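# Observations on the three-dimensional arrangement
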Amino acid sequence: MAHGGRKRVPLVVGNWKMFKTSAEGARFVRELGEELGDVDDREVMVAPAFTGLYEAAKAAEGTALSVAAQDVFWEWEGPYTGEVSATMLAALGVKAAIIGHSERRRYFGETDEAVAKKVWASLEQGLLPIMCVGETEEEREAGLTEEVLARQVPAGLASVQAQDERPMVIAYEPVWAIGTGKTATPEVARDVIRQVRCQVEKTLGAEAAQGVRILYGGSVGPDNIDRLMAQPGIDGVLVGGASLQLGSFVRIARYEKA
Ligand code: PGA
């Protein structure tokens, strides 16, 4: 995977979930592009619903921003009612796909096997996969965090070869911290992200582990962004609720470098 000597450019992704119409999203992207100007030391992405991707990608043209989908299907085309392929997304100007978000795992029965196929299809079609992993509250309380990651990370990367040079991203999102206002402390996030990197190393080797960007997600906001980004090994953030308002997302995207 990705990675030999590649610099891990920090990445800030706003996951809009099922919020914002296409017109609202496009307006947001135009305003965000103006606010941020030519940022070149970090990457900033927004992930609208499928219906908003086209307009958002058009609005992002000529700005420093790019657009991610919130999901993707693994086949290129075929009789799969309701699904959208990586080929179709890439043709719209979409650059990345969030895969295996805990809400998809929980409400739509997404399995580690499905995640692996989606990661593979995205790589094959030139999309940057942003693969989400993380433990639930019960798992954390039972001391199973490491075990959960030791399952999810290798399973999600099952189709990727160690020598694959294509970039990919993993987002560590403890499920108990998503939309709850409970954030992992920056130190806990750092430590778990270190475990995630270890799992990547076991699965794909040391070079891949050094090259893969690992984000933190779960109640990220203007108040904790600088402390999170100051932690070694946290390469960016996946932001839900706080990405919906321009002011708070701009503040997050403009995090201060330690
Ligand atoms: P949150 O969501 O920032 O609202 O906690 C994060 C996510 O689900 O990606």
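Calculation criteria
Residues numbered from 1 in each chain as written. Predicted model: local features only at pLDDT ≥ 70, side-chain atom pairs only at ≥ 80, totals over all residues. Heavy atoms only, no water. Helix = DSSP H or I, 4+ residues; strand = E, 2+ residues; numbered from the N terminus. Rg over C-alpha atoms; globule rule 2.2 N^0.38 Å. Buried < 20%, exposed > 50% of the residue type's maximum accessible area, 1.4 Å probe, protein only. Contact = heavy atoms within 4.5 Å. Areas by Shrake-Rupley, 256 points an atom, 1.4 Å probe, with all protein chains shown as cover. Lys, Arg positive; Asp, Glu negative; His and termini not counted. Charge placed at Lys NZ, Arg CZ, Asp CG, Glu CD. Pairing = 2+ DSSP bridges. Axes fitted to C-alpha atoms, helices over the stretch in contact; angles between N-to-C directions. Expected span 1.5 Å × (residues − 1). Arc of directions from axis to C-beta. Parallel < 35°, antiparallel > 145°, perpendicular 65-115°, else oblique. Left-handed = near helix turned anticlockwise from the far one by under 90°. Nonpolar A, V, L, I, M, F, W, Y, C, P; charged D, E, K, R; others polar. Near = heavy atom within 4 Å. Polar contact = N/O pair within 3.5 Å; in protein donor to acceptor, adjacent residues only side chain to side chain.

What follows deals with the overall build of the protein. Counting its secondary structure elements, the protein contains 11 helices and eight strands. Against the globule reference of 18 Å for 258 residues, the protein gives a C-alpha radius of gyration of 17 Å, in line with a compact fold. Here the C-alpha coordinates of the protein stretch approximately 45 × 45 × 35 Å along the principal axes. For the protein, the proportion of its 258 residues judged to be buried stands at 52%. Put simply, 74% of the contacts in the protein that link residues at least 6 apart link residues at least 24 apart. Here the protein has roughly 11400 Å² of accessible surface; of this, 51% comes from carbon and sulfur atoms. Each charge class in the protein was averaged separately, 28 positive and 37 negative side chains, and the resulting centres sit 2 Å apart.

Now for the sheet that holds strand β4 (residues 96-99). Within the closed barrel, the eight strands sit side by side as β1-β2-β3-β4-β5-β6-β7-β8. Their pairing is parallel. Across the sheet, the axes of successive neighbouring strands diverge by a mean angle of 25°, strand direction being ignored. With two bridges joining them, strand β3 (residues 65-69) and β4 adopt parallel strand pairing. Bridge pairing in β4 links A68 to A96.

Moving on, we get to helix α1 (residues 22-36). Taking 1.5 Å per residue, 15 residues should reach 21 Å; α1 reaches 21 Å between its end C-alpha atoms and fits that length. Buried within α1 are the following residues: G25, A26, F28, V29, L32, G33 and L36. The buried residues of α1 occupy one face: seen down the axis, they fall within an arc of 160°. Where α1 is buried, its residues meet β2 (43-47), α2 (53-60), β3 and α11 (246-253). Following α1 by one or two positions, G37 has its phi on the positive side, about 60°.

For the pair helix α7 (residues 145-156) and helix α8 (residues 186-204), interaxial distance at closest approach is 9 Å and the crossing angle is 40°. One way to sum up the angle between α7 and α8 is to call them oblique. For the crossing formed where α7 meets α8, the hand is right-handed. Each of T145, E146, L149, A150, V153 and P154 in α7 lies in contact with α8, whose residues at this interface are V192, Q195, V196, Q199, V200 and T203. Among the residues forming the contact of α7 with α8, the class breakdown is seven nonpolar, four polar and one charged.

Moving on: the site of the ligand. Near the ligand there are 13 residues, and of these K17, H101, E173, G179 and S219 occur at the shortest range. E173 is positioned such that a nitrogen or oxygen atom in its side chain is 2.7 Å from an oxygen atom of the ligand. Measuring from an oxygen atom of the ligand, one finds a backbone N or O atom of S219 at 2.7 Å. Protein burial of the ligand: of its 290 Å² of free accessible surface, 95% is covered by the chains. Tallied by class, residues from the shell around the ligand come to four nonpolar, seven polar and two charged.

Read these as geometric descriptors, not functional statements.
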